[in-house]
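# An overview of the molecular structure
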Amino acid sequence: MKPPAFQYHAPRSLPEALEILNRVGHDAKVLAGGQSLIPILNMRLAAPGHLVDINGLSELSFVRTDVGGVRVGALARHSEVEHDGAAHSAVPLLRQGLRHVAHPVIRNRGTTVGSLAHADPSGEMTAVLTLLDGSVELARQGGVRTVGAAEFFVGPLESCVEPGEMAVSAYFPRPPERTGTEFVEVARRHGDYAMCGVAAAVTLDEDLRIVRARAVCLSVSPVPLPLDLTEAVAGAAFDTARWDAAGELAAERIDPEPDIHASADYRRHLARVLTTRAVRAAAVRGAESAARPAGIDDDTSDDQQEGGHR
Ligand SMILES: Cc1cc2nc3c(=O)[nH]c(=O)nc-3n(C[C@H](O)[C@H](O)[C@H](O)COP(=O)(O)OP(=O)(O)OC[C@H]3O[C@@H](n4cnc5c(N)ncnc54)[C@H](O)[C@@H]3O)c2cc1C
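Keep in mind that what you see is a predicted model, and the values were worked out from it rather than measured.

Contacts to the ligand come from 29 residues, most closely from V30, G34, L37, T111 and E124. A distance of 2.7 Å is found between an oxygen atom of the ligand and a backbone nitrogen or oxygen belonging to L37. Between the ligand and Y193 there is a distance of 3.0 Å, counted from a nitrogen atom to a side-chain nitrogen or oxygen. Summarising the interface, the protein chains cover 88% of the accessible area of the ligand, which totals 960 Å² for the free molecule. Here the ligand occupies the largest pocket. Counting residues per element, the ones that place at least two in the shell around the ligand are β2 (28-31), α7 (112-118) and β10 (166-173). The greatest single-element share of the shell around the ligand, amounting to four residues, is contributed by α7. Counted by class, the shell around the ligand contains 13 nonpolar, 13 polar and three charged residues.

One finds L94, L116, M166 and F172 to be the most contacted residues of the largest nonpolar core, which totals 54 residues. Broken down by element, this core gets its largest block of residues, six residues, from helix α1 (residues 14-24). Setting aside residues up to four positions removed in sequence, L94 forms contacts with V70, V81, A87, M125, V128 and F172. With 31 residues, the next largest nonpolar core counts L204, A246, I254 and A283 among its residues.

Where burial is concerned, most of strand β12 (residues 196-204) is hidden: nine out of the nine residues are buried. Pairing geometry for strand β11 (residues 179-186) and β12, over eight bridges, is antiparallel. Paired with F183 across the two strands is A199, which belongs to β12. As paired strands, β12 and strand β13 (residues 210-218) are joined by eight bridges and run antiparallel to one another. Along β13, the bridge assignment pairs A200 with A215. Hairpin connection, β12 to β13: the antiparallel pair is bridged by five residues, and L208 has positive phi, about 65°.

Along its sequence, the chain is organised into domain 1 (7-56), domain 2 (59-173) and domain 3 (179-291). Taken over C-alpha atoms, the centre of domain 1 sits 36 Å from the centre of domain 3.

Once that is clear, we can look at the layout of surface pockets. Space inside the largest pocket adds up to approximately 1,500 Å³. S36, L37, G114, A117 and H118 are, among the 49 residues lining the largest pocket, the residues nearest its centre. Within the residue set of the lining of the largest pocket, elements represented by two or more residues are β2, α2 (37-42), α7, β9 (158-159) and β10. If you tally residues by element for the lining of the largest pocket, the top one is α7, at five residues.

Right, let's get into the sheet that holds strand β5 (residues 69-73). One open sheet accounts for five strands, arranged β4-β5-β10-β6-β7; its pairing is antiparallel. Lying at the two open borders of the sheet, with one neighbouring strand each, are β4 (63-66) and β7 (143-148). Pairs of neighbouring strands in the sheet enclose a mean axial angle of 20°, with direction left out of account. Sheet analysis places strand β6 (residues 135-140) next to β10, joined by five bridges and oriented antiparallel. Directly across from A139, in β10, lies its bridge partner M166. Helix-sheet contacts for α1 involve β6 and β10, and the interaxial angle to β10 is about 120°. Sheet strands in contact with helix α8 (residues 124-131) are β6 and β10, and its direction is about 55° off that of β10.

Read from one edge of the open sheet, three strands run β1-β3-β2, paired in parallel fashion. Of all the strands in the sheet, the pair left with one neighbour each is β1 (7-9) and β2. The average undirected angle you get between the axes of adjacent strands in this sheet is 25°. Bridge analysis of β1 against strand β3 (residues 50-53) gives three bridges, and the strand direction is parallel. For Y8, the partnering residue across the bridge sits in β3 and is L51. Lying over the sheet, α1 contacts β1, β2 and β3, oriented at roughly 165° with respect to β3.

A separate point is the side chain of T276. Looking at where T276 falls in the secondary structure, it is placed in helix α12 (residues 264-291). Setting aside chain neighbours within four positions, we find T276 in contact with W243, D244 and G247.

A cluster of nonpolar side chains, namely M1, M43 and L45, defines an oily patch on the protein surface of about 400 Å² accessible area. With respect to the helices, strands and loops of the structure, M1 is situated in the segment before β1. Classification of M1 as exposed rests on a relative accessible area of 75%.

Reading the values: the criteria
Residues numbered from 1 in each chain as written. Predicted model: local features only at pLDDT ≥ 70, side-chain atom pairs only at ≥ 80, totals over all residues. Heavy atoms only, no water. Near = heavy atom within 4 Å. Polar contact = N/O pair within 3.5 Å; in protein donor to acceptor, adjacent residues only side chain to side chain. Areas by Shrake-Rupley, 256 points an atom, 1.4 Å probe, with all protein chains shown as cover. 1 Å grid on protein atoms, 1.4 Å probe; cavity = no way out; pocket = protein on both sides within 12 Å on 5 of 7 lines; lining within 4 Å. Sits in = over half its atoms within 2 Å of the grid points. Helix = DSSP H or I, 4+ residues; strand = E, 2+ residues; numbered from the N terminus. Nonpolar A, V, L, I, M, F, W, Y, C, P; charged D, E, K, R; others polar. Core = buried A, V, L, I, M, F, W, Y, C linked by side-chain atoms within 4.5 Å. Buried < 20%, exposed > 50% of the residue type's maximum accessible area, 1.4 Å probe, protein only. Contact = heavy atoms within 4.5 Å. Pairing = 2+ DSSP bridges. Domains from an automatic or database assignment. Points joined across faces, edges and corners; volume = space filled by probe spheres on them. Axes fitted to C-alpha atoms, helices over the stretch in contact; angles between N-to-C directions. Patch = residues over 30% accessible without salt bridge, like charges linked within 9 Å, V, L, I, M, F, W, Y side chains within 5 Å. Salt bridge = Lys/Arg side-chain N within 4 Å of Asp/Glu carboxyl O.

The structure is reproduced here in structure tokens:
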């Protein structure tokens with residue numbers, strides 16, 4: 001299958017890219033890793049007149065960790081984010097989510113920011129950004145704006161990026177002290193998009209009692225759905241809490257649609273079971289992080305998943 005004809009642009013700098021995007025406006029698509037866009041073009045689901053290939057913008061190829069969190073540039077590949085040790089220590093949910101994104105070979109090329117811009121409600125990174133209350137930085141000629149996750153995702157495959165704009169980075173804030181996170185999902189085959197997935201974060205107090213429990217479900221709503229589940233488990237000890245009550249609450253709050261992959265009932269069942277698992281595991285990680293001396297990293301077990309990335 002071949003894409004419809006388009007004019008190809010290969011800017012060498014961000015100002016040049018923004019000038020082209022400004023000039024061609026709504027008729028342009030940014031080409032990052034191409035792992036979603038190229039299949040869409042080949043299937044003729046989109047026919048932009050111009051492709052602006054940002055792979056020459058090496059200044060956007062970065063993963064930077066600071067005291068507040070992790071900033072990911074628009075050209076950082078999923079695998080670079082996944083294997084960045086400082087990013088993992090600061091925001092473990094990044095690696096926990098990324099290891100579910102497709103296969104290593106796709107993660108070697110696909111970009112994390114491209115995945116956000118693509119705004120697939122089954123995309124793991126949409127749930128990660130939402131759970132962490134992260135943001136995306138959008139640039140246009142003569143200006144930059146920062147959009148929080150709650151406003152960034154507008155609908156299925158629709159983000160708030162306007163014609164003439166491009167996403168230059170995403171920021172994933174570091175979770176509060178004594179917070180553990182986990183990402184679980186069910187897909188028909190390893191590497192497929194999930195029928196349902198859950199990102200969870202649980203914050204404990206100094207006595208390891210639950211202060212806050214939150215989850216974001218994917219593949220059950222047009223945009224990632226944040227759920228505050230605290231009321232189901234607040235005040236309980238992390239190891240004896242009724243986590244199934246949190247799963248039940250999540251199942252009550254979602255309204256999934258059936259499709260060719262799963263019925264609405266099955267997705268609701270998955271949301272219940274996966275939320276229970278995710279919040280329980282997140283709480284255990286929160287307790288482990290409380291017990292760990294400062295400066296010692298999170299577990300390294302994720303490193304062994306799927307071997308290397310090159
Ligand atoms: C077989 C297969 C399985 C996959 N499985 C999963 C999965 O399980 N989970 C998952 O999340 N993803 C999955 N993906 C998609 C993968 O994660 C993509 O890398 C990602 O969705 C898009 O990133 P990209 O860099 O390839 O973007 P591209 O394909 O280049 O672009 C995707 C869209 O985002 C826009 N865009 C990209 N970058 C920017 C930017 N900086 N500013 C503005 N707009 C931009 C493009 O114009 C386009 O509309 C899969 C892909 C394949 C081929």
